[in-house]
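These are the residues of each chain, in order.
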Amino acid sequence: MKPPRKVFKTTLLFLLLSHSLASVPYESQPGASSSHGQNCVGCVVVISLIEQLAEVHNSSVQVAMERLCSYLPEKLFLKPSCYFLVQTFGSDIIKLLGEAMKADVVCYALEFCKQDAVQSQCHLYSLPQEAWKSSLEKARQVLRKSSTMKYSRSGHNICSLPFFTKICQKIELSMKKAVPFKDGDSDKYSVFPTLRGYHWRGRDCNDKDKTVYPGRRPDNWDIHQDSNCNGIWGIDPKDGIPYEKKFCEGSQPKGIILLGDSAGAHFHIPPEWLTASQMSVKSFSNLPSALTDELNWPQLSGVTGFLDSTSGLSRNQALDHPAIVIYAMIGNDVCNGRADTIPGMTTPEQMYANVMQTLKHLNSHLPNGSHVILYGLPDGTFLWDSLHNRYHPLGQLNKDVTYAQFFSFLSCLQVSPCNGWMSSNKTLRALTSERAEQLSNILKKIATTKTFANFDLFYMDFAFHEIIEDWQKRGGQPWQLIEPVDGFHPNEVASLLLANRVWKKIQLQWPHVLGKENPFNSQIEEVFGDQGGH
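Residues numbered from 1 in each chain as written. Predicted model: local features only at pLDDT ≥ 70, side-chain atom pairs only at ≥ 80, totals over all residues. Heavy atoms only, no water.

**Student:** Any chance you could break down the packing of aromatic side chains for me, citing the residues and the numbers?
**Tutor:** Counted by the stated rule, this structure contains 17 aromatic pairs. Taken together, a centroid distance of 5.9 Å and an interplanar angle of 55° make the contact between tyrosine 403 and phenylalanine 407 tilted. Placement of the pair is tyrosine 403 and phenylalanine 407 together in helix H12 (residues 403-412), with a separation of 4 residues, close to one helical turn. We note that tyrosine 403, like phenylalanine 407, is buried. (Phe/Tyr/Trp six-rings, centres within 6.5 Å; stacked < 30°, edge-to-face > 60°. Helix = DSSP H or I, 4+ residues; strand = E, 2+ residues; numbered from the N terminus. Buried < 20%, exposed > 50% of the residue type's maximum accessible area, 1.4 Å probe, protein only.)

Printed below as a string of structure tokens:
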């Protein structure tokens, strides 16, 4: 589940958003096929939403397109990008939908979907083979007669359109950096929330001084300034003792670091973005922030979240506090979008080598007294079992798209988040879980046999079945724990339950990892208040 850089090649409207459905957090088949697949999914989602908006509001397709654009914020050029697309493609979309064409037929006709040897039969909506062929030929005939063509219909890529080229290039460049986009003093911490800012790392409290950042040991007890960004500094006028010394000495402060994937970063696409009956201006108010966080919400995740319901390691062994590191590559090693998915999975031998390399790197960077927890891989067979016969958000209005169809569409395009688990092939699902178990055993073996100078090492199972059982005891259903749009990630409820389980286990089995609660917490809040987290 790798960072969703490809999604930012299309900053427009929902093509940006819907690329995420296909490839954002995951590794799919490299090359042109993957790019075509992302374009295809994006187009099909957008056309489906236009059609559904027209139906929900009993309006024309033209009005539906304008309505969609009106919902989008001005930020990131989202609204003007939308209107540009309507101006460019709108006339042909109106003609094709006017002929009762399905969204995937429209997208093949417009050539956002490519009909080649790999993807010749990929379609989301059910149609008999002969009906599919005749519909596509009819759609092409409609476009051949079009007198409003303002664009080349050869291998569409949104970023190839003049309006978007420079925007796409700038965003792609910024997303390749693993450090904050805005970082005045280059200390790898930022006062800006997104673009790998403080949603991802601690919040810098002085972006003009590189010796000031979250997690460092206080400088001279922070008499003159807050050097570690915990909000505590100065001297108590009552007794002349520095507040940092009075409140924090001996409290064993630690940082929290997650080395993980998009599941740990809480990848989330709000379902109202893809549900025509729920769309409004308010629905998309957080769209710019979400996009610049790569459709992850780390500020709300189960490990690093600091708001109510990371990339790279920045740690100085001499100056910083110890850290609790959770290594949780939940899906990367077994999930890919390849047609032949098993050869693309990490082998046990590769897993051992990769993890040992990471641990040696951590040992050279973490302050002494740190802790590392290796988190096992889940058994993802519950995904298909829980979702396959339910309706995807795109199919809820007309009861015409199940998760089985959605998974099959992504798989056909070779952009599935996890071809092994999101498959109708029961044997393949079992083989994927078998590999996940093998890799978890490697992590367990490393945790029980290897030692390091600067941290102790633990292993914890990713026992999602226990989370499901607990949720069912409360009257819930397993599908309610899965992100509804991508059908893969654990949602916020699941993240909350997982976090509760993780920290309880640490508290019960390895209490020294957390240390004792600071007895001065109430006094700290009384003097310095709640500063919103750093």
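Now, onward.
**Student:** So, the nonpolar core: which residues are in play, and what are the values?
**Tutor:** Counting residues in hydrophobic clusters, the biggest one holds 127 residues, and the most contacted among them are Leu359 and Leu374. Those residues within four positions of leucine 359 in sequence are excluded, and the remaining contacts are Val372, Leu374, Ile446, Phe452, Phe455 and Leu457. One finds Ile232, Tyr243, Phe247 and Cys248 within the second-largest nonpolar core, a separate group that totals 6 residues. (Core = buried A, V, L, I, M, F, W, Y, C linked by side-chain atoms within 4.5 Å. Contact = heavy atoms within 4.5 Å.)

**Student:** Can you break down the pairing of strand E2 (residues 323-328) residue by residue, with the values?
**Tutor:** Across the 6 residues of E2, 6 count as buried, placing the element largely inside the fold. Where burial is concerned, the two faces of E2 agree: the one with Ala323, Val325 and Tyr327 and the one with Ile324, Ile326 and Ala328 are both buried. Pairing geometry for strand E1 (residues 255-260) and E2, over 6 bridges, is parallel. Looking at E2, one finds that glycine 255 is bridged to alanine 323. Pairing of E2 with strand E3 (residues 370-375) involves 4 bridges; the strand directions are parallel. If you follow isoleucine 324 over to E3, its bridge partner there is histidine 371. One crossover worth recording links E2 to the parallel E3 by way of helix H10 (residues 348-365), and it is right-handed. (Pairing = 2+ DSSP bridges. Right-handed = clockwise from strand over helix to strand, strands pointing away.)

**Student:** Could you give an account of the packing of H10 against helix H13 (residues 426-449), with specific residues and numbers?
**Tutor:** Closest axis-to-axis distance for the H10/H13 pair is 9 Å, and the angle between their directions is 40°. Accordingly, the angle class assigned to the pair H10 and H13 is oblique. In this structure, the crossing between H10 and H13 has a hand that is right-handed. Between H10 and H13, the contacting residues are Pro348, Met351, Tyr352, Val355, Met356 and Leu359 on the first element and Arg435, Gln438, Leu439, Ile442, Leu443 and Ile446 on the second. Residues of the contact of H10 with H13, tallied by class, amount to 10 nonpolar, 1 polar and 1 charged. (Axes fitted to C-alpha atoms, helices over the stretch in contact; angles between N-to-C directions. Parallel < 35°, antiparallel > 145°, perpendicular 65-115°, else oblique. Left-handed = near helix turned anticlockwise from the far one by under 90°. Nonpolar A, V, L, I, M, F, W, Y, C, P; charged D, E, K, R; others polar.)

**Student:** Could you give me a rundown of the environment of glutamine 52, with the residues and numbers involved?
**Tutor:** One can find glutamine 52 in helix H2 (residues 32-56). Expressed as a C-alpha distance, the spacing of glutamine 52 and alanine 276, which sit 224 residues apart in the sequence, is 5.9 Å. Among all residues touching glutamine 52, those that are not within four sequence positions of it are Tyr125, Ala276, Leu394 and Leu397.

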